[in-house]
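What follows is the residue order along each chain.
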2 protein chains.
Amino acid sequence: MDVTWFPVPRNRVQILGGFWKQWRDLIGKTTLFHQFDELKAEGHLDALSLDQKLHRGRAVGNDWYWGASIFWDSDLAKWLEAASARLEQERDPALEKLVDGVIERFQRAQLPDGYVNSHILTWRPQHRFKNLRDLHELYCAGHLIEAAVVHHEATGKDSLLGVARRYADLLCERFGEDPGKIPGYCGHPEIELALIRLYRLTGEARYLELSRFFIDERGRAPVYFDRERIERLDLREFRPNHPGSPYAYMQAHQPIREQTKVLGHAVRAMYLFAAVVDVGTLERDESLLNTAERLWRDVIDTKLYLTGGIGSASENEGFTRDFDLPNENAYAETCASIGLFLFAHRLLQNRLSSEFSDIMELALYNCILSGIGLDGKSFFYDNPLASAGNHSRLPWPWWCPCCPPNLARLISSLSGYLLSEGEAGIAIHNYVTCRAEFPGLRLVVKSGLPFSGENEITIETDRPIEKTLAFRVPNWTNNPELRINGQTPNTEAKDGYLHLHRVWSGGEKVELNFGMPVKQKFARFEVDADRGRTALTRGPLVYCIEQADNGPELDRYLVSNAAKFHAVDQKETLGGVTVLEGEAFRETGELSQLYSESAPKLESVTLRAIPYYAWANRGPGEMQIWMRRH
Amino acid sequence: MDVTWFPVPRNRVQILGGFWKQWRDLIGKTTLFHQFDELKAEGHLDALSLDQKLHRGRAVGNDWYWGASIFWDSDLAKWLEAASARLEQERDPALEKLVDGVIERFQRAQLPDGYVNSHILTWRPQHRFKNLRDLHELYCAGHLIEAAVVHHEATGKDSLLGVARRYADLLCERFGEDPGKIPGYCGHPEIELALIRLYRLTGEARYLELSRFFIDERGRAPVYFDRERIERLDLREFRPNHPGSPYAYMQAHQPIREQTKVLGHAVRAMYLFAAVVDVGTLERDESLLNTAERLWRDVIDTKLYLTGGIGSASENEGFTRDFDLPNENAYAETCASIGLFLFAHRLLQNRLSSEFSDIMELALYNCILSGIGLDGKSFFYDNPLASAGNHSRLPWPWWCPCCPPNLARLISSLSGYLLSEGEAGIAIHNYVTCRAEFPGLRLVVKSGLPFSGENEITIETDRPIEKTLAFRVPNWTNNPELRINGQTPNTEAKDGYLHLHRVWSGGEKVELNFGMPVKQKFARFEVDADRGRTALTRGPLVYCIEQADNGPELDRYLVSNAAKFHAVDQKETLGGVTVLEGEAFRETGELSQLYSESAPKLESVTLRAIPYYAWANRGPGEMQIWMRRH
């Protein structure tokens, strides 16, 4: 058993500059206010007045209150979490006023017994805890709890935490295996990991116990969803829009410990697995931890896009068969990649290995960041790896606005995902310009990522302190160099981390230079969508070619294995990026006949690639990550 | 205006040996009896007793009589046509007895006014001529008429011709623009070309006039199908399972002369266009002929598979957008390719150009012949250009058995498609070992096709005769050689035919040697399914690689533009074929990681390709026409 690590909390890590400071501030100054306006316009706030007449939700088919209304509370709560994390970093009275106003609405909507859910209370009060399968009731509760934890940590206030604890206590009363309790669990996992966060904040064991109950009960035969369905006289069997066991959609086709392949809805799977690691770690439950690592391997080895996206199919917003990774039709939901990030982060605390932190970085810089436009006010729900020019970010995916506030809360909370600490020392996972506080020690990190691999970490101490620092060596570098004050110290390399044990006097400068060559990537044969194709990466960034730089018909370009691409800094482009330029070929010749005996002619051209996350910011146009090989 | 040509009729051309004699005899001795048994088992014969209790059709959903029952008469009629053409070539009392028995059933089922249709009379007599859109009523009538024409030509009997003429006369009474007549036309064109055949046999102008009426009226606004729909109180608008104008499915979205792109169901389009050429030719209607050539160009330039298949989508059994030619999901229905063959044959009589006869040959040897197994008793409905191993021929596509008898009638009638005659001389389109009779002159053709390009044509005359012979030069040969008795005569090359004018004394031997190199074919860029891929052809045959020869994972093979493939005769393989063998590369290396920095490794291998038509005769397995290029 490995030594357990703990994330260094957000409020001890201050992001000071560089790439992520820009993004954090864009989110804080623009995105959160834009999202508040959209949530308000779509009726999420009015919904909490529990007055049908005030609802201004949009019609979805003939059932206008069905669509986004089951997410009314959760998306508002995700926004609260994001805004709270922002307030933790920067005082902003205008934002705080909005936050307090939303919290007041939750307080007023909460029933005396602790229950609060605007969709249920407004539209179907008789269905309270009666359709856990579809109605996202505990999912909404989970996001409310997460928001409350962060709001309390960020502001010290108990206003939302009180709401959340009363609701969580009600859930502890109503759910469980004891007679008279509901032996069910939510169709969309989320409550499980939220209860763990509440447990960590409050120390109340019942929250951990309820989370464990939800995890253990899930998938036991007969599946609870059938029982509740028949109890509410619904005779229609559950038939999601995809083949296979219907409850695999929600990872309830079998008990979690028996699951070997990742199936179903990608976000649900990731949130569940994150909680599985949490409970496994807290209770040292090897069966849960082994399950989580097994399912992790399945995702990473057979179902991961080069961008860190997961869940290739729109039909189930999730997984299909191994290696089914289409590019133009990739679903790769922003939330799913966020879920993968959260899952990896949990695994990382249990076993310090860069296989987890590499994927966190990959997902963050590529699939997740692709989910928001450079204007901070437009969003992708799905993040394809190729486009014929018909894929644009929207101001608000009103039919299911889950991704935008999820992305906002992740970036606003980013400082809490960068480092871990434990008895074994301090581990630095992701290099971001920041200052991190520890008892008697501070780390000041300057990082050139994602465009330069040069990092400098200054150690400040009150007095000499003996401590191991473990530095992640990213999997994209071939020649990591670590120096302390210009000297190369002895380090121990283990699972992708360089461990450096010494007495730190303060004032040491650790230089970490990660060579960042342009690389070509090739997919294994089984991925038919990428067969005969190559993709460019540099450092943590996946690159793509876009019509704005290279003209239309991008699939006319071919790149040879030997092609040299070089990095060019462009401060004026796309908010300041490093682009790649290199030699390629372009198929020319306009045949008038369908079929010819002459192979297509090629001409040499210069191709320009941009970071994938920055695509679709210059109007409609084609995009391609996987280019044809020559 | 070009000189008109006339097909040399079947009964003046006797196929004597070689490739097509084998196929003709397999059809005559095996296929026709197998198909009769299947038609009988599926209730097509009993249906003509007009007694519901006798029907043994299969259930299709909850509506068992809907599915194949609208095709009951047409598929039986196609079989009658095939069997009649067989009887024309070979006496076969057993077959003749079956034919006569079926004809008697049609005679008994016919009503005094001439009407006959087992589906309508059994299941929905109130719908007679009330749902021309869906019920295939005139389509069935058309196939009955075609069968009757061939039966009469083949046997001299009037038994079926009488039925057909009485029915055709009823149609002439009931349909047309005069007051009191039905101003409609069939959802599935077929009656139009059938009436032309009946007109050519009988000389009765009313059949030509009715055909022309159907063609002219089709697509005029308001579309007749809406009128009849409202008359039968059906308020549901027609919504076929594909986007675009609904009546484009049946080429009734606009008048034929205004149509510029081929849309909708592929078989319907081809049958309609064939009749358009017929009427245009007979009436020298330039507007119809120009329309037909324009639509022909659209098919050939933008919607044709390398195999001569057309209609790429299963959703509408037809056409989609230009260059949408997926391989594994190709629909490419056997009947559609037969329709293309018939359309080309009509155009060829109007304008002698090898662009038509090349396509006839291509479709015949590839997509069409793929539709039947080497056992003569198994059939493809759709003919994909690649398979993951899950595509097998069936003994009978009972839900819509249109293709098997259509294929049987085409091959049984093949002798009628080989040559044309006219004032300008005699044209030889397709080289098949046969004897063709002309007034005062006979041609004896020996052909090595499809495996050898050597042909010998001996001219027999009663006395010296001055005549132009026009020999098609296939588009697959680079170096045609024509010699008469060893000498190279003066010829005039025009539109892909070598015209040779002279006085024939009899005994001349014309040697036509068509070099038949292995060729690689490349699709134009717009065909994304074939991008970066190459296909092998030799002579008229498209080749494919199959798992039985090359193992699984065929997409691991890469073929360079410079690869040499050579032809190897294999008498023992697949009924005797010439295979192609050549050097290729195979991607090796079993990566355990999804993405790697190492390009896949290649090893040199020998690849074997077989004629496409002969695939899927050695058990389930992968197949591929378009191979990856190196």
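Residues numbered from 1 in each chain as written. Chains lettered and ligands numbered in written order. Predicted model: local features only at pLDDT ≥ 70, side-chain atom pairs only at ≥ 80, totals over all residues. Heavy atoms only, no water.

Let's talk about the environment of Ala-616 of chain B
All names here are of chain B. Mapped onto the secondary structure, Ala-616 falls in the loop between β21 (601-611) and β22 (623-624). Taking the relative accessible area as the measure of exposure, Ala-616 reaches 19% and is therefore buried. Along the primary structure Ala-616 and Gly-373 are separated by 243 residues, whereas in three dimensions their C-alpha atoms are 7.7 Å apart. The contacts of Ala-616, once residues within four sequence positions are left out, are Phe-380, His-391, Arg-393 and Glu-546. (Helix = DSSP H or I, 4+ residues; strand = E, 2+ residues; numbered from the N terminus. Buried < 20%, exposed > 50% of the residue type's maximum accessible area, 1.4 Å probe, protein only. Contact = heavy atoms within 4.5 Å.)

Observations concerning the sheet that holds strand β5 (residues 425-428) of chain B
Think of a sheet as strands paired side by side through backbone hydrogen bonds, with each pair either parallel or antiparallel. Residues and elements named next belong to chain B. A sheet is described by the order of its strands in space; here six strands give the open sequence β1-β4-β5-β9-β12-β11, paired in mixed fashion. Two strands close off the open sheet at either side, each with one partner strand: β1 (6-7) and β11 (492-494). Pairing between strand β9 (residues 465-472) and strand β12 (residues 497-504): eight bridges, direction antiparallel. Across the sheet, residue Ala-470 finds its bridge partner in β12, namely His-499. Sheet contacts for helix α14 (residues 354-370): β9 and β12; angle to β9, the most-contacted strand, approximately 60 degrees. (Pairing = 2+ DSSP bridges. Axes fitted to C-alpha atoms, helices over the stretch in contact; angles between N-to-C directions.)

Examining the packing of helix α3 (residues 72-89) of chain B against helix α15 (residues 403-412) of chain B
Residue and element names in this part refer to chain B. α15 packs onto α3 with a crossing angle of 25 degrees between their chain directions and a minimal axis gap of 8 Å. Taken together, α3 and α15 sit at an angle that is classed as roughly parallel. α15 is crossed by α3, and the crossing has left-handed handedness. The segment α3 lies against α15, with Asp-75, Lys-78, Trp-79, Glu-81, Ala-82, Ala-85, Arg-86 and Gln-89 engaging Pro-405, Asn-406, Ala-408, Arg-409 and Ser-412. Considered class by class, the residues forming the contact of α3 with α15 number five nonpolar, three polar and five charged. (Parallel < 35°, antiparallel > 145°, perpendicular 65-115°, else oblique. Left-handed = near helix turned anticlockwise from the far one by under 90°. Nonpolar A, V, L, I, M, F, W, Y, C, P; charged D, E, K, R; others polar.)

Considering unusual backbone geometry
Between Leu-449 of chain A and Pro-450 of chain A the backbone carries a cis peptide bond, its omega angle lying at 5 degrees. Tracing the sequence through the fold places Pro-450 of chain A in the loop between β7 (441-447) and β8 (454-461). Look at His-136 of chain B: it is not a glycine, yet its phi comes out positive at around 60 degrees. Along the chain, the position of His-136 of chain B falls in the loop between α5 (118-123) and α6 (137-155). Overall, His-136 of chain B belongs to the buried group, its relative accessible area being 6%.

Side note on the packing of aromatic side chains
Residue and element names in this part refer to chain A. Taken as a whole and judged by the stated rule, the model has 56 aromatic pairs over all chains. On the basis of an interplanar angle of 65 degrees and a centroid distance of 5.7 Å, the ring pair of Phe-175 and Phe-214 is categorised as edge-to-face. Placement of Phe-175 in the loop between α7 (159-174) and α8 (191-202) and of Phe-214 in helix α9 (residues 205-217) is noted, with a sequence separation of 39 residues between them. For Phe-175, a relative accessible area of 2% gives the class buried. Residue classification places Phe-214 among the buried positions, given a relative accessible area of 0%. (Phe/Tyr/Trp six-rings, centres within 6.5 Å; stacked < 30°, edge-to-face > 60°.)

So, the packing of helix α1 (residues 18-41) of chain B against α3 of chain B
Residue and element names in this part refer to chain B. Packing of α1 against α3 leaves a shortest axis separation of 10 Å and a crossing angle of 150 degrees. Comparing the axis directions of α1 and α3 gives the class roughly antiparallel. Note that α1 runs across α3; the crossing there is left-handed. Between α1 and α3, the contacting residues are Arg-24, Asp-25, Gly-28, Lys-29, Leu-32, Gln-35, Phe-36 and Leu-39 on the first element and Asp-75, Leu-76, Trp-79, Ala-82, Ala-83, Arg-86 and Gln-89 on the second. In the contact of α1 with α3, the residues fall into seven nonpolar, three polar and five charged.

Describing the interface of chain A and chain B
Across the boundary between the two partners, chain A contributes 42 residues, which contact 42 residues of chain B. Both faces considered, chain A and chain B share a buried interface measuring about 3100 Å² in area, 55% of it formed by carbon and sulfur atoms. For chain A, the biggest contributors to the area lost against chain B are Phe-525, Leu-594 and Tyr-595 of chain A; these three give 26% of the whole. In this structure, the connection of chain A to chain B is made through four salt bridges. The tally of links between chain A and chain B comes to twelve residue pairs in polar contact (both at pLDDT 80 or more). Of all the secondary structure elements, the ones that give two or more residues to the side of chain A that touches chain B are α12 (286-302), β14 (518-523), β20 (595-596) and β23 (627-629) of chain A. The leading source of residues in the side of chain A that touches chain B is β14 of chain A, at five residues. Per-class residue counts for the side of chain A that touches chain B are 16 nonpolar, ten polar and 16 charged. (Buried area = accessible area lost by both parts, 1.4 Å probe. Salt bridge = Lys/Arg side-chain N within 4 Å of Asp/Glu carboxyl O. Polar contact = N/O pair within 3.5 Å; in protein donor to acceptor, adjacent residues only side chain to side chain.)

Some words on the side chain of Asn-455 of chain A
Residue and element names in this part refer to chain A. Along the chain, Asn-455 turns up in strand β8. Only 2.6 Å separates the side chain of Asn-455 from the side chain of Ser-447, close enough to count as a polar contact. Only 3.1 Å separates the side chain of Asn-455 from the backbone oxygen of Gly-453, close enough to count as a polar contact. Residues in contact with Asn-455, not counting those within four places in the same chain, are Tyr-431, Lys-446, Ser-447, Gly-448, Leu-449, Val-510, Glu-511, Leu-512, Asn-513 and Phe-514.

Notes on the environment of Tyr-167 of chain A
Residue and element names in this part refer to chain A. Along the chain, Tyr-167 falls in helix α7. For the pair Tyr-167 and Arg-524, spaced 357 residues apart in sequence, the C-alpha to C-alpha distance is 48 Å. Residue contacts for Tyr-167: discarding those within four places in its chain leaves Gln-110, Gly-114, Tyr-115, Val-116, Asn-117, Phe-129, Glu-137, Ala-141 and Leu-144.

Some thoughts on the relation of the copies chain A and chain B
The two copies are related by a screw operation: chain A maps onto chain B through 180 degrees of rotation and 0.0 Å of translation along the axis, at an RMSD of 0.0 Å. Interpreted geometrically, this transformation is the action of a two-fold axis. Taking the C-alpha atom as reference, chain A places His-630 of chain A closest to the rotation axis, 3.9 Å from it. (Least-squares fit on C-alpha atoms with pLDDT ≥ 70 in both.)

Brief notes about helix α4 (residues 93-109) of chain B
In an α-helix there are 3.6 residues to a turn, and that puts residues three or four apart on one side. Residue and element names in this part refer to chain B. For α4, spanning 17 residues, the distance from its first C-alpha to its last is 24 Å, which sits close to the expected 24 Å at 1.5 Å a residue. For α4, the set of buried residues is Leu-95, Glu-96, Val-99, Val-102, Ile-103, Phe-106 and Ala-109. An end-on view of α4 places all buried positions within 150 degrees of arc, on one side of the element. Among the exposed residues of α4, those oriented more than 90 degrees off its buried face are Pro-93, Lys-97 and Arg-108. (Expected span 1.5 Å × (residues − 1). Arc of directions from axis to C-beta.)

Topic: the pattern of salt bridges
All names here are of chain B. The tally for this structure, following the rule as stated, stands at 122 salt bridges over all chains. Salt-bridge contacts for Arg-232 lead to Asp-234; the nearest nitrogen and oxygen are separated by 3.7 Å. In terms of burial, Arg-232 and Asp-234 fall into one category: buried. The salt bridge involving Asp-495 is made with Lys-494; its shortest N-O contact spans 3.7 Å. Residue class for Asp-495 comes out partly exposed when judged on its relative accessible area of 37%. When its relative accessible area of 40% is taken as the criterion, Lys-494 is described as partly exposed.

What to know about the confidence of the model for chain A
Considering every residue of chain A, the mean pLDDT works out to 94; 96% of them sit at 70 or more. Counted against residues more than four places away or in other chains, residues 58-65 of chain A, with its pLDDT under 50, gives twelve contacts. (pLDDT = per-residue confidence, 0-100.)

Quick notes on the pairing of strand β15 (residues 533-538) of chain B
Residues and elements named next belong to chain B. Along β15, six of the six residues are buried, which leaves the element largely enclosed by surrounding structure. Burial along β15 is two-sided: the residues Arg-533, Ala-535 and Thr-537 and Thr-534, Leu-536 and Arg-538 are all buried. Of the strand pairs in this sheet, strand β14 (residues 518-523) and β15 are connected by four bridges, and their pairing is antiparallel. Counterpart to Lys-521 in the pairing with β15 is Ala-535. Across two bridges, the pairing between β15 and strand β23 (residues 627-629) is antiparallel.

Some words on helix α8 (residues 191-202) of chain B
All names here are of chain B. Its twelve residues give α8 an end-to-end C-alpha distance of 16 Å, which sits within 8% of 16 Å, the value for a rise of 1.5 Å per residue. When we look at burial in α8, the residues that qualify are Ile-191, Glu-192, Leu-193, Ala-194, Leu-195, Ile-196, Arg-197 and Leu-198. Once α8 finishes, Gly-203 follows within two positions and takes phi at roughly 75 degrees, a positive value.

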